[in-house]
Amino acid sequence: MQLGFGVPVAGSWATPSNQVRLVRRAEELGYRSVWTFQRLLAPEHPDARAGAPFYRSVHDPIVSLAYLAGQTSRIRLGLAVVNVPFFSPALLAKQLATLDAVSAGRLDVGLGLGWMREELQAVGVPPERLGARAEEFIGALRALWTDQVVTFTGRFYEIPPARFDPKPVQRPNPPLLLGGNVPAAWRRAGRLGDGWRGGSMADLTRLDAVIATVKQAAGEAGRDPDSLRFVCRGVVRVRPPGEQDRKPLVGSLDEIRGDLDGLRAQGLTEVFFDLNFDPEIGSPDADPDVSVRRAEEVLEALAPS
């Protein structure tokens, strides 16, 4: 199981200098990847989920990775995730092909549907049929990245006969890891994706069931289940040891390190430690210097052996 790290993109610690400092250190320590995530806005009157402190101030995920591509040389750069309703296929295809080029083929692409009602309203996309929209979007992306002359006609998207160049460095395309926490999303990942990407809401004690569903859908679609990647955000929250009913990756650094064997045994191929989702770190009200110091402790303690 490979290890990655979440780029500081949320809250007070998410400054360019801190991003470079921590991502370069992750690269030095042998981490495989670093990851960003997307939020467009914070509602004035949010529900409990949308009102989480780590969603109040979030940098753009693509621009952040483009900046870090020029500051690193080996570590892979992941989007976990960008939400397809926020883009047209042609625009996202161009941005990602360019990011793949400036990173010399180090891009991993996580795609999601979006869940925040206010964000969908702000981009002018209705919340109905998001799954069907995503499937069509993926087909358009692959056509843009692979066809010499692209023609695409669907219910949601249309591309007139055109050429799309330059193509991505990774051929036929950067890996597409499809997100989602419901069975329909897992089956979609198996049918259409290069793997599944689990988010902050994923149940880390039941990943084996998710992975089995994705693999079954891949096999039923005539694809090789063993070729798929299974990548999950690990929401790390360092706390005093010995708490009752402790969730995976919450507790002391020794306890968190011990949790990795359980994730590996379930079939996960990669987990990335993300401190953005700790309200003590990813909030605009957190002390940024303390957050960076705590992140460096986590990087060192959990580094690949």
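Residues numbered from 1 in each chain as written. Predicted model: local features only at pLDDT ≥ 70, side-chain atom pairs only at ≥ 80, totals over all residues. Heavy atoms only, no water.

Participant: Whenever I open this one, helix H1 (residues 16–29) confuses me. Can you help?
Facilitator: Since the α-helix packs 3.6 residues into each turn, any two residues three or four apart lie on the same face. With 14 residues, H1 extends 20 Å from end C-alpha to end C-alpha; this agrees with the ideal 20 Å at 1.5 Å per step. On the buried face of H1, the contacting elements are strand S2 (33–36), helix H2 (61–69) and helix H9 (288–301). A positive phi of about 95° marks Gly30, the residue just after H1. (Helix = DSSP H or I, 4+ residues; strand = E, 2+ residues; numbered from the N terminus. Expected span 1.5 Å × (residues − 1). Contact = heavy atoms within 4.5 Å.)

Participant: How should the nonpolar core be read in this particular structure?
Facilitator: The tendency in soluble globular proteins is for nonpolar side chains to be buried side by side. The biggest cluster of nonpolar side chains holds 86 residues, and the ones touching the most others in it are Tyr31, Leu111, Trp196 and Phe273. It is helix H5 (residues 130–146) that provides the largest number of residues to this core, a total of nine residues. Those residues in contact with Leu111 that lie beyond four places of it in its chain are Val81, Val82, Val84, Leu92, Ile138, Leu141, Leu176, Leu177, Leu178 and Gly179. Listed in part, the five residues of the second largest apolar core include Trp35, Leu177, Val231 and Phe272. (Core = buried A, V, L, I, M, F, W, Y, C linked by side-chain atoms within 4.5 Å. Buried < 20%, exposed > 50% of the residue type's maximum accessible area, 1.4 Å probe, protein only.)

Participant: What exactly am I supposed to notice about the packing of aromatic side chains here?
Facilitator: Any pair of aromatic rings gets described here by the distance separating the centres and the angle formed by the planes. This structure, assessed with the given rule, holds 11 aromatic pairs. Ring geometry for Phe54 against Tyr55: centres 5.1 Å apart, planes inclined by 80°, an arrangement best described as edge-to-face. For Phe54, a relative accessible area of 10% translates into the label buried. The exposure class of Tyr55 is buried, given its relative accessible area of 6%. Each ring, one from Tyr55 and one from Phe277, has its centre 6.0 Å from the other, and the planes form 85°; the classification is edge-to-face. With Tyr55 in the loop between S2 and H2 and Phe277 in the loop between strand S12 (270–274) and H9, this residue pair connects regions lying 222 residues apart in the sequence. A single burial state applies to Tyr55 and to Phe277, both of which are buried. Sitting over the face of the ring of Tyr55, Arg39 holds its NZ or CZ atom 5.2 Å from the ring centroid. Stacked on the ring of Trp115, the Lys or Arg Arg49 has its end atom at 3.7 Å from the ring centre. (Phe/Tyr/Trp six-rings, centres within 6.5 Å; stacked < 30°, edge-to-face > 60°. Lys NZ or Arg CZ within 6 Å of the ring centre and 35° of its normal.)

Participant: Just checking my understanding: could you explain the side chain of Asn18 for this structure?
Facilitator: For Asn18, the position within the fold is in helix H1. Within the structure, Asn18 has its side chain in polar contact with the backbone oxygen of Trp13 (distance 3.0 Å). (Polar contact = N/O pair within 3.5 Å; in protein donor to acceptor, adjacent residues only side chain to side chain.)

Participant: Even after reading the chapter, I still don't get the pattern of salt bridges, so can you show me in this structure?
Facilitator: Should the charged atoms of two oppositely charged side chains come close, the side chains can pair. Going through the model one piece at a time under the given rule, you end up with 24 salt bridges. A salt bridge links Arg25 to Glu300; the shortest N-O distance between them is 2.7 Å. With a gap of 275 residues between them, Arg25 in helix H1 and Glu300 in helix H9 connect regions that are remote in the sequence. Owing to a relative accessible area of 27%, Arg25 belongs among the partly exposed residues under this scheme. (Salt bridge = Lys/Arg side-chain N within 4 Å of Asp/Glu carboxyl O.)

Participant: Looking at this structure, how should I read the pairing of strand S5 (residues 150–153)?
Facilitator: Here is the key point about a regular strand: its side chains alternate between the two faces of the sheet. Burial along S5 is one-sided: the face carrying Val150 and Phe152 is buried and the face carrying Thr151 and Thr153 is not. Note: S5 against strand S6 (residues 158–162), three bridges, orientation antiparallel. Bridge assignment links Phe152 to a residue of S6, and that residue is Ile159. A loop of four residues connects S5 with S6, the two strands running antiparallel in sequence. (Pairing = 2+ DSSP bridges.)

Participant: I keep staring at the sheet that holds strand S7 (residues 176–179) and nothing clicks. Help me out?
Facilitator: Strand pairing in a sheet relies on backbone hydrogen bonds. The paired strands run either parallel or antiparallel. Read around the barrel, eight strands follow the order S1-S2-S3-S4-S7-S8-S9-S12 and close on themselves; strand pairing throughout is parallel. The sheet shows a mean angle of 25° between the axes of neighbouring strands, direction not considered. (Axes fitted to C-alpha atoms, helices over the stretch in contact; angles between N-to-C directions.)

Participant: Please explain helix H3 (residues 89–102) as it appears in this structure.
Facilitator: With 14 residues, H3 ought to run about 20 Å at 1.5 Å a step, and its terminal C-alpha atoms sit 20 Å apart, in line with that. Those residues of H3 not exposed but buried are Pro89, Leu92, Ala93, Leu96, Ala97, Leu99 and Asp100. Taken down its axis, H3 places every buried residue within 160° of arc, on the same side. On the buried face of H3, the contacting elements are H2, strand S3 (76–83), strand S4 (107–112) and H5. One or two residues past the end of H3 sits Ala104, with phi positive at roughly 60°. (Arc of directions from axis to C-beta.)

Participant: Would you take a moment to explain unusual backbone geometry for this structure?
Facilitator: Among all residues except glycine, the phi angle is most often negative; among peptide bonds, the trans geometry is most common. Here the amide bond leading from Ala80 into Val81 is cis, since omega sits at 0°, within 30 degrees of zero. Tracing the backbone through its elements, the reader meets Val81 in strand S3. Non-glycine residue Ala104 carries a positive phi angle of around 60°. If you trace the backbone, Ala104 turns up in the loop between H3 and S4. The phi angle at Leu249 is positive, at roughly 70°, despite the residue not being glycine. If you trace the backbone, Leu249 turns up in the loop between strand S10 (237–238) and strand S11 (250–251).

Participant: Even after reading the chapter, I still don't get the environment of Val102, so can you show me in this structure?
Facilitator: Among the structural elements, Val102 can be located in helix H3. Along the primary structure Val102 and Asp194 are separated by 92 residues, whereas in three dimensions their C-alpha atoms are 22 Å apart.

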